[in-house]
Amino acid sequence: MKRIYMDYAATTPVDPRVVEAMIPYFREKFGNPSSIHSYGQESLESVDAARLSVTDLLGADPSEIVFTGSGTEADNTAIQGVCRALEKRGNHVITTTIEHQAVLRCCEFMASRGFEVTRVPVNKDGIVDPSDIEKSIQKGTILISVMHANNEIGTIQPIAEIGKIARKKGILFHTDAVQSYGHIPIDVDAMSIDLLSISAHKIYGPKGTGALYIRENTPVVPLLHGGSHEQGRRSSTHNVPGIVGLGKASRIAKQEMDQEIKNTTALRNQLLQLIEKNISGVHFNGHPVDRLPNSLNLSIEHVEGEALLMNLDLEGIAISSGSACSAGSGKPSHVLMALGLSETLARGSLRLTLGRYTTREEIEQTADAIARIVKKLRDLSPFGKERP
Ligand code: PLP
């Protein structure tokens, strides 16, 4: 059975060009970048080249990039690091209700340590109103953390406007760009971003490698203490193959971004059209325009998302019924609930995320399979049978 992967927001396959670039760093180029001999220097040069490739996608300076072990670690370093650094100045953090758990749980942890956290709601399309962020600012606000693009519904937040507000008020601004980095343009200066989280495995790089952009002179207490790697901002011997992979994946993303945006937008729109044509009671979740090109989130009436997902999986089609992290938890997605969806519609949700290797044929096969399985599930369900 030829399988179809349509869950690129959960993770991406590593691009063969990235694998090629990484391989020598498992073999002959195995040196520790902290060593002063030629083996070490060879590795250090590659780490620095990767740093440069990351800055190219952000408009940043190489000294402002800290490599981490994941996007989760980047989020935690940003939030915990700023809170610890500025705890004498204030103890209030602003975020939104639809952040990834890496931000929400970290904020909960800070709340358990005496910080006050405001979670600003979003509208029915999943967009936060910058004026609501502004209204939440208090005397002790030290950090605003708003994700760039949402992992479940693909909605893109008005980051530049929020950044402007934060800058005007002298508050640090962090954005979780794990889903947007390498997929859509980012400019940390134009968007007034002070801290930005990245993960390699969402851009055809390896798992277990991330980065945090930290604007020059931004106070951040490190999570990890040790050998003072990354200018003391993240101690640990560098994961050289992973970092090289992130660098290569970033270079490819820069070169191919425009074309990839065109391709995935066209395929995503075709998928939506086919689904809407063949199935009744389909609700589109998220913003129709301000969204990632590859992302589609739908709720289908009278169908349990997990049942649909499992039936598709039996046919070799991999999609998600929410984020990979909340899948299997039995709880409806906090993002869809924050949009105001009923619990039933939230449970009937599907996330289809396309990528570099998605073909037109796969789109047609997936749309056909969804229509067929929805009909089967509705025919089996007492509620489904009442439908016209
Ligand atoms: N933030 C967002 C928006 C994500 O989608 C993810 C992963 O799904 C993360 C953070 C965590 O990144 P990582 O898997 O590298 O820890």
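Keep in mind it's a predicted model, so treat the numbers as computed, not measured.

1. Observations regarding the state of the cysteines
So, point 1. Summed over the entire model, instances satisfying the criterion amount to zero disulfides.
So, point 2. Note on Cys106: no disulfide assigned, nearest cysteine sulfur contributed by Cys107 at a separation of 5.9 Å.
So, point 3. Owing to a relative accessible area of 3%, Cys106 belongs among the buried residues under this scheme.

2. Brief notes about the side chain of Glu362
So, point 1. Relative to the elements of secondary structure, Glu362 occurs in helix 11 (residues 360-380).
So, point 2. The residues touching Glu362, leaving out its near neighbours within four places in the chain, are Lys2, Arg3, Ile4, Met6 and Tyr357.

3. Some details on helix 11
So, point 1. With 21 residues, helix 11 extends 31 Å from end C-alpha to end C-alpha; this agrees with the ideal 30 Å at 1.5 Å per step.
So, point 2. Inspection of helix 11 places Glu362, Ile363, Thr366, Ala367, Ala369, Ile370, Ala371, Ile373, Val374, Leu377 and Arg378 among the buried residues, and these make up the whole buried set.
So, point 3. Buried-residue contacts for helix 11 involve strand 1 (4-5), helix 7 (240-278), strand 10 (295-300), helix 8 (305-314), strand 11 (317-318) and strand 12 (349-353).

4. So, helix 4 (residues 101-112)
So, point 1. For helix 4, spanning 12 residues, the distance from its first C-alpha to its last is 16 Å, which sits close to the expected 16 Å at 1.5 Å a residue.
So, point 2. Listing the buried residues of helix 4 in full gives Ala102, Val103, Leu104, Cys106, Cys107 and Met110.
So, point 3. Considering only its buried residues, helix 4 is in contact with helix 3 (71-86), strand 3 (92-96), strand 4 (116-120), strand 5 (141-145), strand 6 (172-176) and helix 9 (334-338).

5. Remarks on the sheet that holds strand 8 (residues 210-214)
The pairing of strands in a sheet comes from backbone hydrogen bonds and takes either a parallel or an antiparallel form.
So, point 1. Here we have seven strands laid out as an open sheet, ordered 2-8-7-6-5-3-4, and mixed in their pairing. The outermost strands of the open sheet, each flanked by one partner alone, are strand 2 (65-68) and strand 4. The average undirected angle you get between the axes of adjacent strands in this sheet is 20 degrees.
So, point 2. Where helix 2 (residues 38-56) meets the sheet, it contacts strand 2 and strand 7 (195-199), and its direction lies at approximately 115 degrees from that of strand 2.
So, point 3. Across the face of the sheet, helix 3 comes into contact with strand 2, strand 3, strand 5, strand 6, strand 7 and strand 8 while running at roughly 160 degrees to strand 7.

6. Quick word on the nonpolar core
In a soluble, globular protein the nonpolar side chains are often hidden away together inside.
So, point 1. One finds Leu58, Phe67, Ile144, Tyr181, Ile193, Leu196 and Leu246 to be the most contacted residues of the largest nonpolar core, which totals 54 residues.
So, point 2. Among the elements that make up this core, the one with the highest residue count is helix 7 (eight residues).
So, point 3. There are two domains that each give this core at least three residues, and those are domain 1 (4-11 + 257-386) and domain 2 (16-252).
So, point 4. Once you skip the residues sitting within four places of it in the chain, Tyr181 turns out to touch Ser53, Val54, Leu57, Leu58, Ile186, Ile198, Ile203, Leu246 and Ser250.
So, point 5. Counting residues in hydrophobic clusters, the runner-up holds 28 residues, among them Leu274, Leu298, Ile319 and Ile370.

7. What about the site of the ligand?
So, point 1. For the ligand, the set of nearby residues contains 13 residues, the closest of which are Gly71, Thr72, Asp176, Ser199 and Lys202.
So, point 2. Asp176 is positioned with one of its side-chain polar atoms (N or O) 2.6 Å from a nitrogen atom of the ligand.
So, point 3. Contact distances for the ligand include 2.6 Å between an oxygen atom and a side-chain N or O atom of Lys202.
So, point 4. Across the complex, the protein chains shield 89% of the 380 Å² of accessible surface that the ligand would expose by itself.

8. Some details on the packing of helix 7 against helix 11
So, point 1. Closest axis-to-axis distance for the helix 7/helix 11 pair is 9 Å, and the angle between their directions is 25 degrees. Comparing their axes, helix 11 and helix 7 come out roughly parallel. For helix 7 against helix 11, the interelement crossing comes out right-handed. In this structure, helix 7 uses Leu267, Gln270, Leu271, Leu274, Ile275 and Asn278 to contact helix 11, whose residues at the interface are Arg360, Ile363, Glu364, Ala367, Ile370 and Ala371.

9. A short note on the environment of Met110
So, point 1. Assignment of secondary structure puts Met110 in helix 4.
So, point 2. Placed 99 residues apart in sequence, Met110 and Thr11 show a C-alpha to C-alpha distance of 28 Å.
So, point 3. Every residue in contact with Met110, bar those within four places of it in the chain, is listed here: Ile79, Gln80, Cys83 and Phe115.

10. Side note on the domain arrangement of the chain
The accessible area lost on association of the parts is a frequent measure of interface size.
So, point 1. Examined at the domain level, the chain breaks down into domain 1 (4-11 + 257-386) and domain 2 (16-252).
So, point 2. A separation of 28 Å is found between the C-alpha centroids of domain 1 and domain 2.
So, point 3. If you look at the interface, domain 1 gives 30 residues, while domain 2 gives 34 residues.
So, point 4. Contact between domain 1 and domain 2 buries roughly 2600 Å² in total, counting both sides, with carbon and sulfur atoms accounting for 56%.

Parameters and conventions
Residues numbered from 1 in each chain as written. Predicted model: local features only at pLDDT ≥ 70, side-chain atom pairs only at ≥ 80, totals over all residues. Heavy atoms only, no water. Disulfide = S-S within 2.5 Å. Buried < 20%, exposed > 50% of the residue type's maximum accessible area, 1.4 Å probe, protein only. Helix = DSSP H or I, 4+ residues; strand = E, 2+ residues; numbered from the N terminus. Contact = heavy atoms within 4.5 Å. Expected span 1.5 Å × (residues − 1). Pairing = 2+ DSSP bridges. Axes fitted to C-alpha atoms, helices over the stretch in contact; angles between N-to-C directions. Core = buried A, V, L, I, M, F, W, Y, C linked by side-chain atoms within 4.5 Å. Domains from an automatic or database assignment. Near = heavy atom within 4 Å. Polar contact = N/O pair within 3.5 Å; in protein donor to acceptor, adjacent residues only side chain to side chain. Areas by Shrake-Rupley, 256 points an atom, 1.4 Å probe, with all protein chains shown as cover. Parallel < 35°, antiparallel > 145°, perpendicular 65-115°, else oblique. Left-handed = near helix turned anticlockwise from the far one by under 90°. Buried area = accessible area lost by both parts, 1.4 Å probe.

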